[in-house]
Amino acid sequence: MGGGRGLRCARAWVHGFALVVVMLAAACSSGSDGSSTGATANPTPPVKECGAHGGDCRLRAVAAAADLRVGTAVQTGPLADEAAYRGTVGREFNSITAENDMKWPTIHPAADRYDFAAADAVVGFAADHDMEVRGHTLLWGQTEYTTVPDYVANATGPDELRAYVDDHITTVVRRYRGRVQRWDVVNEPLDTVGTAMENNVFLRLLGEGYIADAFRTAHRADPAAELWLNEAVLETLPAKAQAFADLVTRLVADKVPIDGIGLQTHLLAGVPDPVAFRALVRRFADLGLDVAITEMDLPAGTGPDRLERQARGYATTIGACLAVPRCREVTFWGFTDRHTWIDDFLGPGHDPLLFDRDYQPKPAYSAVREQLAARR
Ligand code: XIL
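The structure displayed is predicted, hence computed values, not measured ones. (Residues numbered from 1 in each chain as written. Predicted model: local features only at pLDDT ≥ 70, side-chain atom pairs only at ≥ 80, totals over all residues. Heavy atoms only, no water.)

A. Quick look at the packing of aromatic side chains. Per the counting criterion, the structure on display carries 14 aromatic pairs. Plain terms: the ring middles of Tyr151 and Tyr164 are 5.0 Å apart, the flat faces sit at 85 degrees to each other, and that makes the pair edge-to-face. A residue pair is termed long-range when its members are at least 10 positions apart, and Tyr151 in helix H8 (residues 150-153) and Tyr164 in helix H9 (residues 158-175) qualify at 13 residues. Each member of the pair, Tyr151 as well as Tyr164, is classed as buried. (Phe/Tyr/Trp six-rings, centres within 6.5 Å; stacked < 30°, edge-to-face > 60°. Helix = DSSP H or I, 4+ residues; strand = E, 2+ residues; numbered from the N terminus. Buried < 20%, exposed > 50% of the residue type's maximum accessible area, 1.4 Å probe, protein only.)

B. Representation of the environment of Ala279 within the structure. Residue position: Ala279 is located in helix H13 (residues 274-285). Each C-alpha atom of the pair Ala279 and Ala320 lies 8.6 Å from the other, and the pair is 41 residues apart in sequence.

C. Layout of the site of the ligand. Around the ligand, the surrounding shell consists of Glu99, Asn100, Lys103, His136, Trp140, Asn187, Glu188, Gln264, His266, Glu295, Trp333 and Trp341. Between Glu99 and the ligand, the recorded distance is 2.5 Å, taken from a side-chain N or O atom to an oxygen atom. One of the side-chain N or O atoms of His136 is found 2.7 Å from an oxygen atom in the ligand. Considering the ligand on its own, with 420 Å² of exposed area, one finds that the protein chains cover 79% of that surface. (Near = heavy atom within 4 Å. Polar contact = N/O pair within 3.5 Å; in protein donor to acceptor, adjacent residues only side chain to side chain. Areas by Shrake-Rupley, 256 points an atom, 1.4 Å probe, with all protein chains shown as cover.)

D. Molecular detail of the state of the cysteines. Here the structure, examined in full by the defined rule, presents one disulfide. Covalent S-S linkage joins Cys321 and Cys327, the inter-sulfur distance amounting to 2.1 Å. For the disulfide bridge between Cys321 and Cys327, the dihedral angle about the S-S bond is near 105 degrees, and by the sign convention the bridge is right-handed. This pair shows no difference in class: Cys321 is buried, exactly as Cys327 is. (Disulfide = S-S within 2.5 Å.)

E. Spotlight on helix H16 (residues 363-374). Taking 1.5 Å per residue, 12 residues should reach 16 Å; H16 reaches 17 Å between its end C-alpha atoms and fits that length. Of all 12 residues making up H16, 11 are buried, and the element is well covered by its neighbours. Taken residue by residue, H16 has Pro363, Ala364, Tyr365, Ser366, Ala367, Val368, Arg369, Glu370, Gln371, Leu372 and Ala373 as its buried positions. (Expected span 1.5 Å × (residues − 1).)

F. A look at the pairing of strand S4 (residues 182-187). Within S4, six of the six residues are buried, leaving the element largely enclosed by the surrounding structure. Pairing between strand S3 (residues 132-140) and S4: five bridges, direction parallel. Each bridged residue has a counterpart across the sheet, and for Leu139 the counterpart in S4 is Val186. Two elements, S4 and strand S5 (residues 226-231), share five bridges in a ladder whose sense is parallel. Directly across from Trp183, in S5, lies its bridge partner Leu227. (Pairing = 2+ DSSP bridges.)

From the geometry alone we can't say anything about function, so treat these as descriptive.
Right, here's the structure in full:
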């Protein structure tokens, strides 16, 4: 309520990004501060299982014992410059995602030029720290903001675009064969807030089949890699979730080589009802697919107990996913409040992640660890 929320909502509208608009529209109208629903668990009990691992209570140790991936997005700036950033990533996580450095404009800025430097740094870090890599992302066509370089956006016909796409997917996936275990092959295929396919350059020139083709091309480039379809705000928008499930059903029926569904789970509109979230996860599991939370963050809201409520929000949502056996991974969109896209997106002060700005674990850290341990 009050000035804080008003300011937050206004700022989001100024940003003019459809994703934020829909999320904050929900937050503004419902009165949710993004962290207050239906949680019951004590967020900070000790993990009993730590004893079974020689006292190793790191997230990645607890996750590994349950055959789970616990991941974080990383930014190459702090990965190069900050020892505490590097140390925390390597210690706590067994999977990483490049927050931006494998996206098309970065890795393939001109039709005849690739730039692998930043992506190589991420993949090299993973190899040095015995981590897996979730590759993000091969095809992402958004109409509201730039997700493809101009030469792709301005392709004049299907043949030209198909040639770019085939070359892009084949080159990138082949380069990282054996080093990137999972790819988000297509990101956000649906309209951010609606039920239609996102009207991007791929859909306009190639039709819906661009999605199936992308998976088939990626599979040829690395038959061993897991191939995933990643989508946003399904936990908030039931009609969109239905349209997305219909799309996935078509892909499965067409025998497209798809292994899993990524739920971004940026909880900017509040914590989803855990029963509904578990049902969402189960829907994809019932289609024979794995499911992952791929980009989780949760603004802390306001009030003296904001971090405890945030911890409960993390716990109920992750617990709902992990209650379904095919939910195999939880990846956060960063790990320290010092480096989070939410600062640019909503403005500073939302503290959405597991560690504070000084790399100290927050209540959310223990709450997440407890959920990972409970899966065993
Ligand atoms: C975001 C990054 O975090 C920002 O640094 C960048 O400016 C824009 O993209 N859904 C996705 C991610 O799939 O790739 C987005 O990452 C966040 C929303």
